[in-house]
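Structure assessment
Residues per chain are reported as follows:
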Amino acid sequence: MRHDPKLAILADLMRRVDGLAGQRGHLSVARLHDEVDQIRHIARAFHLDDVEGLAGTLESALSLHGLGPVVLSYLDLMRDAITSDMPVADIVPIIAHRPAAAARPTLHA
């Protein structure tokens, strides 16, 4: 399997967003602003326009309103935008293999 650098960046962004969501209420506005700014810079560098736009809007909301429920809404939207850029893996069903003898019912007299 070949290493996909974009997938690594998307995974890093997802880790950052999930980390912020998990620390809600424990971060200062300034620290949250810095973390979101880092997400925005990474998104810009890798042309993830939706993520960059959402991070910029969240930074503006933080400047105007501080912490609040709006933060989680934006983090959810960023998570969705990151996920939409991730490749979809093919799901291959695993069928349990039964030996031929076990597949046939046995009759007992």
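Look above for the structure.
Residues numbered from 1 in each chain as written. Predicted model: local features only at pLDDT ≥ 70, side-chain atom pairs only at ≥ 80, totals over all residues. Heavy atoms only, no water.

1. Examining the overall build of the protein
Convention followed: By the criteria applied, helices consist of DSSP H or I runs no shorter than four residues and strands consist of E runs no shorter than two, each listed in order from the N terminus. Only protein chains enter the area calculation, which uses a 1.4 Å probe; residues under 20% of their type maximum are buried, those over 50% are exposed, and those in between are partly exposed. The contact criterion used is simple: two residues touch if any of their non-hydrogen atoms lie within 4.5 Å.
When helices and strands are tallied, the protein shows five helices and zero strands. Going from the N terminus to the C terminus, the protein shows its helices and strands as α-α-α-α-α. Buried residues in the protein amount to 29% of all 109 residues. Look at the contacts in the protein between residues 6 or more apart in sequence, and 61% of them connect residues 24 or more apart.

2. Side note on the nonpolar core
Our working rule: Throughout, nonpolar core names a set of buried Ala, Val, Leu, Ile, Met, Phe, Trp, Tyr and Cys residues whose side chains join them through atoms within 4.5 Å.
Counting 26 residues, the largest nonpolar core has Ile 39, Leu 58, Leu 75 and Met 78 as its most contacted members. Among the elements that make up this core, the one with the highest residue count is helix H1 (residues 5–22) (seven residues). Apart from the residues lying within four places of it in its own chain, the contact partners of Leu 58 are Val 36, Val 71, Tyr 74, Leu 75 and Met 78.

3. So, helix H2 (residues 29–45)
Let me state the cut-off plainly: By definition here, a helix of n residues has an expected span of 1.5 Å times n minus one. By definition, the arc is the one covered by directions from the helix axis to the C-beta atoms.
For H2, which comprises 17 residues, the first-to-last C-alpha distance of 24 Å matches the rise-based estimate of 24 Å (1.5 Å per residue) to within 8%. Taken together, the buried positions of H2 are occupied by Leu 32, Glu 35, Val 36, Ile 39, Arg 40, Ile 42 and Ala 43. One side of H2 carries all its buried residues, which in axial view fall inside an arc of 165°. Of the exposed residues in H2, those oriented more than 90 degrees away from the buried face are Ala 30 and Ala 45. Contacts made by the buried residues of H2 are with H1, helix H3 (49–65) and helix H4 (69–85).

4. Some points on the packing of H1 against H2
To keep it simple, the criterion reads: Fitting a line to C-alpha atoms yields each axis, with helices limited to the stretch in contact; the angle taken between N-to-C directions then spans 0 to 180 degrees. Convention used here: angles under 35 degrees read as roughly parallel, angles over 145 as roughly antiparallel, angles from 65 to 115 as roughly perpendicular, and any remaining angle as oblique. Crossings are classed by handedness, with left-handed meaning an anticlockwise turn of the near helix from the far one by less than a right angle and right-handed meaning a clockwise turn. Amino acid classes used here: Ala, Val, Leu, Ile, Met, Phe, Trp, Tyr, Cys and Pro are nonpolar; Asp, Glu, Lys and Arg are charged; the rest, including Gly, are polar.
One way to put it is that H1 packs onto H2 with a least axis distance of 11 Å and a crossing angle of 165°. Classified by the interaxial angle, the pair formed by H1 and H2 is roughly antiparallel. Crossing geometry of H1 relative to H2 is assigned as left-handed. Of H2, the residues touching H1 (which contributes Ile 9, Asp 12, Leu 13, Arg 16, Val 17 and Leu 20) are Leu 32, Glu 35, Val 36, Gln 38, Ile 39 and Ile 42. Looking at the contact of H1 with H2 residue by residue, the class counts come to eight nonpolar, one polar and three charged.

5. What about the packing of H3 against H4?
Two numbers describe how H3 lies on H4: the axes approach to 9 Å, and their chain directions differ by 170°. With respect to their mutual orientation, H3 and H4 come out roughly antiparallel. Listed contacts from H4 to Asp 50, Val 51, Leu 54, Ala 55, Thr 57, Leu 58, Ala 61 and Leu 62 of H3 are Val 71, Tyr 74, Leu 75, Leu 77, Met 78, Ala 81 and Ile 82. Taken together, the residues of the contact of H3 with H4 break down into 13 nonpolar, one polar and one charged.

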